[in-house]
Amino acid sequence: HNFTLRHGILKADGPGACTALANTGDNLILEDVVADASPGACNGEGISAGNASGTLDNVRAAGGIGIRWTSTSSSRNVTMHDVRAEGFTDGISCLASGSSITLLVNDSWVQGGLTSITNQAASCTIQVWSSFLDSEVSGGATCIAVYNGSTFYPNTCP
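Residues numbered from 1 in each chain as written. Predicted model: local features only at pLDDT ≥ 70, side-chain atom pairs only at ≥ 80, totals over all residues. Heavy atoms only, no water.

Looking now at the state of the cysteines. Under the criterion given, the structure shown has two disulfides. Between the sulfur atoms of Cys94 and its disulfide mate Cys124 the distance is 2.2 Å. A torsion of -90° about the S-S bond marks the disulfide between Cys94 and Cys124 as left-handed. Residue Cys94 is found in strand β6 (residues 76-96), and its partner Cys124 is found in strand β10 (residues 124-129); the two are separated by 30 residues along the sequence. Residue Cys94 shares its accessibility class with Cys124, and that shared class is buried. Bridging Cys143 to Cys157, the disulfide has an S-S length of 1.9 Å. Handedness here is read from the sign of the S-S torsion; for Cys143 and Cys157, about 95°, the answer is right-handed. Here Cys157 lies in the segment after β15 (152-153) and Cys143 lies in strand β13 (residues 142-144), a separation of 14 residues in the sequence. By relative accessible area, which is 18% here, Cys157 ends up buried. (Disulfide = S-S within 2.5 Å. Helix = DSSP H or I, 4+ residues; strand = E, 2+ residues; numbered from the N terminus. Buried < 20%, exposed > 50% of the residue type's maximum accessible area, 1.4 Å probe, protein only.)

Here we come to the packing of aromatic side chains. As enumerated under the stated definition, the model contains two aromatic pairs in all. Each member of the aromatic cluster is reached from another via a ring pair, and the members are Trp109, Phe132 and Tyr147. Above the ring of Trp109, the side-chain terminus of Arg84 is found at 4.2 Å from the ring centroid. (Phe/Tyr/Trp six-rings, centres within 6.5 Å; stacked < 30°, edge-to-face > 60°. Lys NZ or Arg CZ within 6 Å of the ring centre and 35° of its normal.)

In the structure shown here, the tally under the stated rule is five salt bridges. Here Glu86 and Arg84 are joined by a salt bridge, their closest N and O atoms 3.2 Å apart. A relative accessible area of 29% means that Glu86 is categorised as partly exposed. (Salt bridge = Lys/Arg side-chain N within 4 Å of Asp/Glu carboxyl O.)

All right, on to the side chain of Ser116 then. Within the element layout of this structure, Ser116 appears in strand β9 (residues 115-119). For Ser116, the contacting residues outside a window of four places in its chain are Asp90, Gly91, Ile92, Val110, Gln111, Leu133, Asp134, Ser135, Glu136 and Val137. (Contact = heavy atoms within 4.5 Å.)

Next up on the list: the environment of Ile92. Mapping Ile92 onto the fold places it in strand β6. For the pair Ile92 and Trp109, spaced 17 residues apart in sequence, the C-alpha to C-alpha distance is 10 Å. Among all residues touching Ile92, those that are not within four sequence positions of it are Ile67, Met80, Ala85, Leu103, Val105, Val110, Ser116, Ile117 and Thr118.

Scope: geometric values only; no functional claims are made or implied.
Here it is as structure tokens:
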């Protein structure tokens, strides 16, 4: 259930919903990876991770949702550094049911058409440091030193 990918480009193409990288497992490690399911080719997810912990470093993910992290089993921890997540609706989405997820987002660029980050459950803890967030955060997160292109937020989320 461990999946490691370094120095790769994944492109989803075709009609309907598609995902560039889908992972269900214990540990997802991505370094220097592009996962593209951009609207136009398809309207899916750049990265979809279920029931996984993970480390993302220098990752670019684009789609209807850039990165979607879900869990229905045990607690999961995810660290994202130098991530660019772009979504037609959400840059990053988190949903935990019957478990918990902690997302740590650091030195990243997160942009969404509706929200930069969507927290869909109280059992998702999202912490964002020193990052660019374009459009507001929905559902709650802790933000320190974030910027939205026009305003600096020293200790709150846009």
